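Take a look at the letters that make up each chain.
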Amino acid sequence: MLIDGHGRKVDYLRISLTERCNFRCQYCMPEKPFSWVPKENLLSFEDLFKFVKAAIDQGITKIRLTGGEPTLRADLDKFIKMIYDYKPDIDLAMTTNGYLLKDIAKDLKAAGLKRLNISLDSLKPETARLIAGKDVLENVLTGIDAALDAGLKVKINMVPLKGVNDSEIVDILEYCKERGMQVRFIEYMENVHAHSQLKGMHGKEILEKIKEKYAIEKIGRQGSSPAFLYRLADEEYTFGLIDPHKHDFCESCNRIRLTAEGYLIPCLYFDEAMSIKDAVQEGDIDRAVEILKEVLANKPKENRWSEENSEVSSRAFYETGG
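Residues numbered from 1 in each chain as written. Predicted model: local features only at pLDDT ≥ 70, side-chain atom pairs only at ≥ 80, totals over all residues. Heavy atoms only, no water.

## Some words on the side chain of Lys 299
With respect to the helices, strands and loops of the structure, Lys 299 is situated in the loop between helix H9 (285–297) and helix H10 (317–320). A distance of 2.6 Å separates a polar side-chain atom of Lys 299 from the backbone oxygen of Pro 266. (Helix = DSSP H or I, 4+ residues; strand = E, 2+ residues; numbered from the N terminus. Polar contact = N/O pair within 3.5 Å; in protein donor to acceptor, adjacent residues only side chain to side chain.)

## What to know about the pairing of strand E4 (residues 115–119)
Burial analysis of E4 places 4 of its 5 residues in the buried class, the great majority of the element. Judged from the 4 bridges that link them, strand E3 (residues 91–96) and E4 form a sheet pairing that is parallel. Bridge pairing in E4 links Ala 93 to Arg 115. Since E3 and E4 lie parallel, the crossover through helix H3 (residues 101–111) that links them has a hand, and here it is right-handed. Here E4 runs beside strand E5 (residues 153–158); their pairing, made up of 5 bridges, is parallel. For Asn 117, the partnering residue across the bridge sits in E5 and is Lys 155. (Buried < 20%, exposed > 50% of the residue type's maximum accessible area, 1.4 Å probe, protein only. Pairing = 2+ DSSP bridges. Right-handed = clockwise from strand over helix to strand, strands pointing away.)

## Thoughts on helix H5 (residues 137–149)
End to end, H5 covers 18 Å across 13 residues, agreeing with the expected 18 Å (1.5 Å per residue, within 8%). Listing the buried residues of H5 in full gives Leu 137, Asn 139, Val 140, Gly 143, Ile 144, Ala 146 and Ala 147. At its buried positions, H5 is contacted by H3, E4, helix H4 (125–132), E5 and helix H6 (169–179). (Expected span 1.5 Å × (residues − 1). Contact = heavy atoms within 4.5 Å.)

## Examining the pattern of salt bridges
Using the criterion set out here, one finds 17 salt bridges in the structure. The residue Arg 221 makes a salt bridge to Asp 243 at a minimum N-O spacing of 3.5 Å. Of this pair, Arg 221 sits in strand E7 (residues 216–221) while Asp 243 sits in the loop between strand E9 (238–242) and strand E10 (255–258), and the two are 22 residues apart along the sequence. Judged by relative accessible area, Arg 221 falls into the partly exposed class, the value being 23%. (Salt bridge = Lys/Arg side-chain N within 4 Å of Asp/Glu carboxyl O.)

Without other data, these values stay purely geometric and don't point to any function.
Structural data, given as structure tokens:
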């Protein structure tokens, strides 16, 4: 069992497979040039799998593949199958922008992937283009349908932005409700890589938009999930709100993050990290596990955002996933 310095059980590993992305989202990396860390600097799937096996043996029960955009990594289904074959009951999920899913959803499901979180910030082509930096909506919607058809459980992530897509909060909720998908509204997380003029919405503002049409009831958090759940009154449909400007979900944080270059990151906000790259490439898995435990021992109690006065993170979220 893995325990951090604050006594929290850590059983969830998020792996960023690449910093590369085929979108240029305003809230993530709108100005990032198409120049990247050389592929040879990234851990191979074989080396990643060495660490994954050790992490599972230490008590990791849930793995999420992220990016950048993880579907840009070649042979993704083979890596998924490596993990699944080692631990078939592992909770294996992925976060994606959905753009390439239409051609690979069935292969990912067959390899052992169980769940997907797909970003959908607008149902309007022009707004989706504004946010993502290119025409993406048709491919994303087709990808969502392909994932559902393949039998993958799908959740939708939306980042509401004032004056950009805030008028679509209810539209996206209803789109998801009609398809049996839970939507999670995510507060915009301030970071230096985002467009400087963006204005996010606090959770209470998002809820007010929904209350204009629906009465809602609080459910609460489930386990260590960062999402606070709500139910539409008199209906079975639930949706989530992820509000990092509060710290209540930090109390039960069970996550550790690994970048494609081999850096273990204890918290999405913090820049502190330690590398396991040399250890796994040299086959010294015991040392990699020691580094993992050291990172967990220094895992911060909570992030640095607050509802009153949030710092702006220098973390490149495209390197670590959200």
